[in-house]
Amino acid sequence: MTVFSDILLKYNPSLIANRIKMVTSEEVEFVLQKEVRRPDDFLVLISPVAAPFIEQMAKISQNLTRKRFGKTIQLYIPLYLSNYCDNHCVYCGFNHNNKFERIVLNDEQILREVEVINSYGFEHILLVTGESAKANASYLKHVIKLIHNRFSHISIEVQPLLEDEYRDLINVGLNSVYLYQETYFRNLYSDFHPKGMKADFDFRLDSYDRLGRAGIHKMGLGVLLGLADWRIDSFYLALHLRYLQRKYWKTKFSISFPRLRPNAGSFITPNPVSEKELFQLMCAYRLFDADVEISLSTRENANFRDHAMSLGVTSMSAGSRTDPGGYANDGDELKQFEPNDDRSPSEILKLIRRKGYEAVWKDWDVFMQA
């Protein structure tokens, strides 16, 4: 049986880079006229030659998004449960700062956080942890059971788990899992993740199949923009999306765009991605797949998010705190990254309405199936 690692081996990065360099304006114009676009068309849309066509791409992206999703923005909020992490990712502040206390939220602390989050109106919560044995599958199961009656949709962004562990969490109320491969460049992956549970490239890559077999409702994919060549990494992700859609056709899919932001470490981004390039990439994914959900977090600044909101984005976080216990207590716990859009949920809600959109506080598909 074919697995994605087999497909990945067929696409040499050097050949992909050469293909991108060979793209012509005529090709871009041709791809923009197509109704069904293949992975090679996606390469055309993210090429430097396509940059002057961003305005046209944005218009098509807006039309496709409104046709499929209407004028709605789904809102979610992350709850950081722990800042422990056993990995040694060279780019992450979780393992580059010993000044702050490491904590795992207990039941009382979690419920205080939930009280604040519920007061904002959120019904979709994203549980986030560092990758550590202190926040393992048993802990996550306990947390989901603790809060499941307070939210209509529960997602996690945690370490890769075993298939049975995913299935166990789904059985107690887990709806979605967001997991980022970080980079599909196998040789670079080991440089960025030298040790810890995250060092196993194949175990992480195979997690998506474990999720699919476990029957997850929604799966979120992404690469950490800035680690490697963003065009090649994003092409690999587009291939991965197609593979998963064909194999697990009952599952919904989401694409996120985590872009390296300032954190508690001193890592210098090796391949910076500009806002213009990020916007081009978002539009390219929408043109590649009209059904995939596109999510944008508070890593990006307010001005960028305001403009992206009506041009392809379907899901946004709001009022995010990236330190455990940060909603109930405005302390100095270690953050994974500094949010770049610190507007409150009520401010984001007003903006959405001002733009003529409707805020969706829950995942309606899950709600209707309940």
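Residues numbered from 1 in each chain as written. Predicted model: local features only at pLDDT ≥ 70, side-chain atom pairs only at ≥ 80, totals over all residues. Heavy atoms only, no water.

A. Just the overall build of the protein chain, in detail. Helices and strands together make up the secondary structure of the protein chain, namely 16 helices and 9 strands. The C-alpha radius of gyration computed for the protein chain amounts to 20 Å, which stays within 12% of the reference 21 Å derived for 370 residues, consistent with globular compactness. Once the C-alpha set of the protein chain is aligned to its principal axes, its extents read approximately 60 × 45 × 40 Å. Across the 370 residues in the protein chain, those meeting the buried criterion constitute 56%. For the protein chain, the computed accessible surface area is about 15800 Å², with 50% contributed by carbon and sulfur atoms. Across the protein chain, the centroid of the 46 positively charged side chains sits 4 Å from that of the 47 negatively charged ones. (Helix = DSSP H or I, 4+ residues; strand = E, 2+ residues; numbered from the N terminus. Rg over C-alpha atoms; globule rule 2.2 N^0.38 Å. Buried < 20%, exposed > 50% of the residue type's maximum accessible area, 1.4 Å probe, protein only. Areas by Shrake-Rupley, 256 points an atom, 1.4 Å probe, with all protein chains shown as cover. Lys, Arg positive; Asp, Glu negative; His and termini not counted. Charge placed at Lys NZ, Arg CZ, Asp CG, Glu CD.)

B. Structural detail: the pairing of strand E5 (residues 218-221). Side-chain alternation along E5 places Lys-218 and Gly-220 on one buried face and Met-219 and Leu-221 on a second face that is also buried. Sheet analysis places strand E4 (residues 176-178) next to E5, joined by 3 bridges and oriented parallel. Across the sheet, Tyr-178 pairs through a bridge with Gly-220, a residue of E5. As paired elements, E5 and strand E6 (residues 252-256) share 4 bridges and run parallel to each other. Bridge pairing links Leu-221 to Ile-255 in E6. In this fold, E5 hands off to helix H12 (residues 230-247), which returns the chain to E6; that crossover is right-handed. (Pairing = 2+ DSSP bridges. Right-handed = clockwise from strand over helix to strand, strands pointing away.)

C. Fine view of the packing of aromatic side chains. One pass over the full model with this rule turns up 12 aromatic pairs. Look at Tyr-11 and Phe-235: their rings are 5.6 Å apart centre to centre, the planes differ by 70°, and that puts the pair in the edge-to-face class. With Tyr-11 in the loop between helix H1 (4-9) and helix H2 (13-21) and Phe-235 in helix H12, this pair connects stretches of sequence that are 224 residues apart. According to the relative accessible area criterion, Tyr-11 is partly exposed, its value standing at 32%. An aromatic cluster of at least three residues, connected via ring pairs, comprises Phe-4, Tyr-11, Tyr-184, Phe-185, Phe-235, Tyr-236 and Tyr-243. Its guanidinium or amino end placed over the ring of Phe-203, Arg-210 lies 4.0 Å from that ring's centre, counting from NZ or CZ. Stacked on the ring of Phe-288, the Lys or Arg Arg-242 has its end atom at 4.0 Å from the ring centre. (Phe/Tyr/Trp six-rings, centres within 6.5 Å; stacked < 30°, edge-to-face > 60°. Lys NZ or Arg CZ within 6 Å of the ring centre and 35° of its normal.)

D. Inspection of the side chain of Lys-198 at higher detail. With respect to the element layout, Lys-198 can be found in the loop between helix H9 (186-192) and helix H10 (201-205). The class for Lys-198 is buried, based on a relative accessible area of 7%. Of the polar contacts made by the side chain of Lys-198, one reaches the side chain of Tyr-91; its length is 3.2 Å. (Polar contact = N/O pair within 3.5 Å; in protein donor to acceptor, adjacent residues only side chain to side chain.)

E. View of the confidence of the model for the protein chain. Confidence along the protein chain averages 91 in pLDDT terms, with 91% of residues attaining 70 or more. Here residues 364-370 is a poorly scored stretch, pLDDT under 50, and it has 8 contacts once near neighbours within four places are set aside; other chains count. (pLDDT = per-residue confidence, 0-100. Contact = heavy atoms within 4.5 Å.)

F. Broad picture of the environment of Ser-61. Looking at where Ser-61 falls in the secondary structure, it is placed in helix H5 (residues 54-69). Expressed as a C-alpha distance, the spacing of Ser-61 and Gly-196, which sit 135 residues apart in the sequence, is 39 Å. Discounting chain neighbours no more than four positions away, the residues touching Ser-61 are Cys-283, Arg-286, Leu-287, Leu-311 and Gly-312.

G. Representation of the packing of H12 against helix H13 (residues 275-288) within the structure. Relative orientation of the contacting elements H12 and H13 amounts to 20°, with a least axis distance of 12 Å. As judged from the angle between their axes, H12 and H13 are roughly parallel. Considering only the axes of H12 and H13, their crossing is right-handed. Contacts between H12 and H13 involve Trp-230, Arg-231, Ser-234, Leu-237, Ala-238, Leu-241 and Arg-242 from the first element and Glu-277, Leu-281, Tyr-285 and Phe-288 from the second. (Axes fitted to C-alpha atoms, helices over the stretch in contact; angles between N-to-C directions. Parallel < 35°, antiparallel > 145°, perpendicular 65-115°, else oblique. Left-handed = near helix turned anticlockwise from the far one by under 90°.)

H. Here's a closer look at helix H15 (residues 345-354). Those residues of H15 lying buried are Pro-345, Ile-348, Leu-349, Leu-351 and Ile-352. Looking straight down H15, one finds its buried side chains confined to an arc of 160°; they lie on one side. Counted as exposed and oriented over 90 degrees from the buried face of H15: Lys-350, Arg-353 and Arg-354. Among the structural elements, strand E1 (72-82), helix H6 (107-120), helix H14 (302-308) and strand E9 (358-360) are those in contact with the buried residues of H15. Two residues or fewer past H15, Gly-356 is found with a positive phi of approximately 85°. (Arc of directions from axis to C-beta.)

I. Just unusual backbone geometry, in detail. Although it is not a glycine, Glu-182 adopts a positive phi angle of roughly 75°. Within the secondary structure, Glu-182 is located in the loop between E4 and H9.

J. Expanded view of the environment of Val-23. Relative to the helices and strands, Val-23 is located in the loop between H2 and helix H3 (25-33). In this structure Val-23 comes out as buried when scored by relative accessible area, which is 5%. As for Val-23 and Leu-161, which are separated by 138 residues in sequence, their C-alpha atoms are 40 Å apart. Leave out the neighbours within four places in its chain, and Val-23 touches Val-28, Val-44, Ser-47 and Val-49.

K. Representation of the environment of Ala-284 in the model. Its location among the elements puts Ala-284 in helix H13. For Ala-284, a relative accessible area of 0% puts it in the buried group. Put simply, Ala-284 and Thr-65 are 219 residues apart on the chain and 12 Å apart in space, counted from C-alpha to C-alpha. Leave out the neighbours within four places in its chain, and Ala-284 touches Phe-42, Leu-45, Ile-46 and Met-57.

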